[in-house]
Amino acid sequence: MTEIVPGVYQLKVPIPNNPLENTNVYLIRGDGGHALIDAGWNDDIALQSLHDQLAEIGVTFRDISQILVTHAHHDHYGLAGRIRELSGATVALHEIDRDFLTPQYSSFDEYLNRMEQWFRSNGVPEIELPASRMFATMRRAGATVLPDVTLTDGDSIPVGDFHLQVVWTPGHSPGHICFYERKRKLLFVGDHVLSVITPNISLQPLATNNPLADFIGSLGKVRPMDVTLALPAHEQLIENLPGRIDEIIEHHEVRNQEILTALKDEPMTAFDIAGHITWMPEFGGVHFNDLASPDRRMAVSETLAHLEAMRVNDRVVRTDRKEILYYQYA
Ligand SMILES: [Zn+2]
Ligand SMILES: [Zn+2]
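Looking at the coordination of the zinc ion (ligand 2)
Surrounding the zinc ion (ligand 2) are the protein donor atoms D75 (OD), H76 (NE2), D191 (OD) and H234 (NE2), at 2.1 to 2.2 Å. Taken together, the 4 donor atoms surrounding the zinc ion (ligand 2) define angles of 85 to 157 degrees at the centre, an arrangement classified as irregular. Along the chain, the residues donating to the zinc ion (ligand 2) fall in the pattern D-H-x114-D-x42-H. Between the zinc ion (ligand 2) and the zinc ion (ligand 1), both coordinated by D191, there is a metal-metal distance of 3.5 Å. Of this pair, H76 sits in helix α2 (residues 74-77) while D191 is found in the loop between β11 (186-190) and α7 (211-222), placing the two residues 115 residues apart along the sequence.

Here's what the structure looks like:
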């Protein structure tokens, strides 16, 4: 637990068996009740760790009146329900990510079947599909409660002397939000901008949107903001936010070029293209076949996010051959 600026504390909450290691949860002190930004992974060890770190500064769960969550991913939203039970705090989330927590299909089995079909149509072989089912099931288990409060762009949330402005930054998730403290020039960026890894931007199964285009737009939205310190939900604090944003944009352009190079000769499925990309370049690069199965699933979804963004810009075209989708150089 570290005090970043007076009244703002960073708590490192462990994520079990995950290379990210921690979620950075922030506590903001307020006279009428403290606020947490993000909650952490739904796990006993994480909850205990949060409890112990709060105790270091004499705070108990009962002192927390608001849980403000940047997006509905498991490592941020997972613990929100249990902390709410212990504290009586309200849980707040952007309205679009709230909608993702509400079942959109008549049954979860129907959802799983349609998701498998979606992966199949993008060239994913049968042997890879059980991992997707497992991932989706795990994800559902993380979403235990619905928020009490839904947030939209521009909302202002008072926490004692702090005023947090909601900045909607779709991309990493469709309802991702950052919180801006104008007076102190702080931006709580969640997973929108991270110091080392490039935030995962994936086309979600069955979605028809364009998350990479949204993401680049959202980077452009926060880049000109007057920020002296960005506080991300993983890894280190970011002092040069515009500089880091430029690096991330550059990374995506490099990846676009890799994809276009792979597509030079013949039409390919997203799965095949993912096999031609160097993954995790931040860590020296890993071949697709050496990724763990859930990471291959994410790699295909990330490749699709790039392909769909380039399709809108007429850089690639997509054709449907016997229910399998192929992309090619435009
Ligand atoms: Zn996330
Ligand atoms: Zn995260």
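Side note on the coordination of the zinc ion (ligand 1)
The coordination sphere of the zinc ion (ligand 1), as far as protein atoms go, consists of H71 (NE2), H73 (ND1), H172 (NE2) and D191 (OD), spread over 2.1 to 2.3 Å. Here the zinc ion (ligand 1) is ringed by 4 donor atoms whose angles at the metal span 89 to 177 degrees, and the overall shape comes out irregular. Read from N- to C-terminus, the donor residues coordinating the zinc ion (ligand 1) fall into the pattern H-x1-H-x98-H-x18-D. The class for H73 is buried, based on a relative accessible area of 15%.

Thoughts on the environment of H287
In this fold, H287 is placed in the loop between α9 (270-274) and α10 (293-312). Taking the C-alpha atoms as reference, H287 lies 8.2 Å from H276; in sequence the two are 11 residues apart.

A short note on the domain arrangement of the protein
By the assigned domains, the protein splits into domain 1 (2-102 + 145-247) and domain 2 (108-139 + 258-329). Just the C-alpha atoms count here: the centres of domain 1 and domain 2 sit 28 Å apart. The interface of domain 1 with domain 2 comprises 17 residues on the first partner and 19 residues on the second. Counting the contacts that link domain 1 with domain 2 gives 0 salt bridges. Counting every contact that joins domain 1 to domain 2 gives 3 residue pairs in polar contact (both at pLDDT 80 or more). Residues belonging to the side of domain 1 that touches domain 2 are distributed by class as follows: 10 nonpolar, 7 polar and no charged.

Some remarks on the packing of α7 against helix α8 (residues 241-262)
Orientation of α7 relative to α8, taken along the N-to-C sense of each, is 160 degrees, at an axis distance of 10 Å. Between α7 and α8, the angle is such that the two are roughly antiparallel. Between α7 and α8 lies a crossing whose hand is left-handed. Facing L212, F215, I216, L219 and V222 of α7, the residues of α8 in contact are L241, I245, I248, I249 and H252.

Considerations on a nonpolar patch on the surface
Taken together, V196, M280 and F283 make up a surface patch of nonpolar side chains, about 260 Å² in accessible area. By the element assignment, F283 lies in the loop between α9 and α10. Using a relative accessible area of 53% as the deciding quantity, one classes F283 as exposed.

A short note on the packing of aromatic side chains
Within the structure shown, the criterion is met by 4 aromatic pairs. In this structure, R184 packs its charged tip against the face of F162, placed 3.7 Å from the ring centre. Positioned over the ring face of Y326 is R321, at 4.6 Å from the centre of the ring.

Let's talk about the side chain of D75
By secondary structure assignment, the location of D75 is in helix α2. Classification of D75 by relative accessible area gives buried; the value is 10%. A distance of 2.9 Å separates a polar atom in the side chain of D75 from a polar atom in the side chain of H234. Each residue touching D75, except ones within four places of it in the same chain, is listed here: I15, L20, T23, G40, W41, D191 and H234.

So, how was this worked out
Residues numbered from 1 in each chain as written. Chains lettered and ligands numbered in written order. Predicted model: local features only at pLDDT ≥ 70, side-chain atom pairs only at ≥ 80, totals over all residues. Heavy atoms only, no water. Donors = N, O, S within 2.8 Å, 3.2 Å for Na, K, Ca; no water. Tetrahedral: all angles 85-135°; square planar, octahedral: opposite > 155°, others 65-115°. Helix = DSSP H or I, 4+ residues; strand = E, 2+ residues; numbered from the N terminus. Buried < 20%, exposed > 50% of the residue type's maximum accessible area, 1.4 Å probe, protein only. Domains from an automatic or database assignment. Contact = heavy atoms within 4.5 Å. Salt bridge = Lys/Arg side-chain N within 4 Å of Asp/Glu carboxyl O. Polar contact = N/O pair within 3.5 Å; in protein donor to acceptor, adjacent residues only side chain to side chain. Nonpolar A, V, L, I, M, F, W, Y, C, P; charged D, E, K, R; others polar. Axes fitted to C-alpha atoms, helices over the stretch in contact; angles between N-to-C directions. Parallel < 35°, antiparallel > 145°, perpendicular 65-115°, else oblique. Left-handed = near helix turned anticlockwise from the far one by under 90°. Patch = residues over 30% accessible without salt bridge, like charges linked within 9 Å, V, L, I, M, F, W, Y side chains within 5 Å. Areas by Shrake-Rupley, 256 points an atom, 1.4 Å probe, with all protein chains shown as cover. Phe/Tyr/Trp six-rings, centres within 6.5 Å; stacked < 30°, edge-to-face > 60°. Lys NZ or Arg CZ within 6 Å of the ring centre and 35° of its normal.

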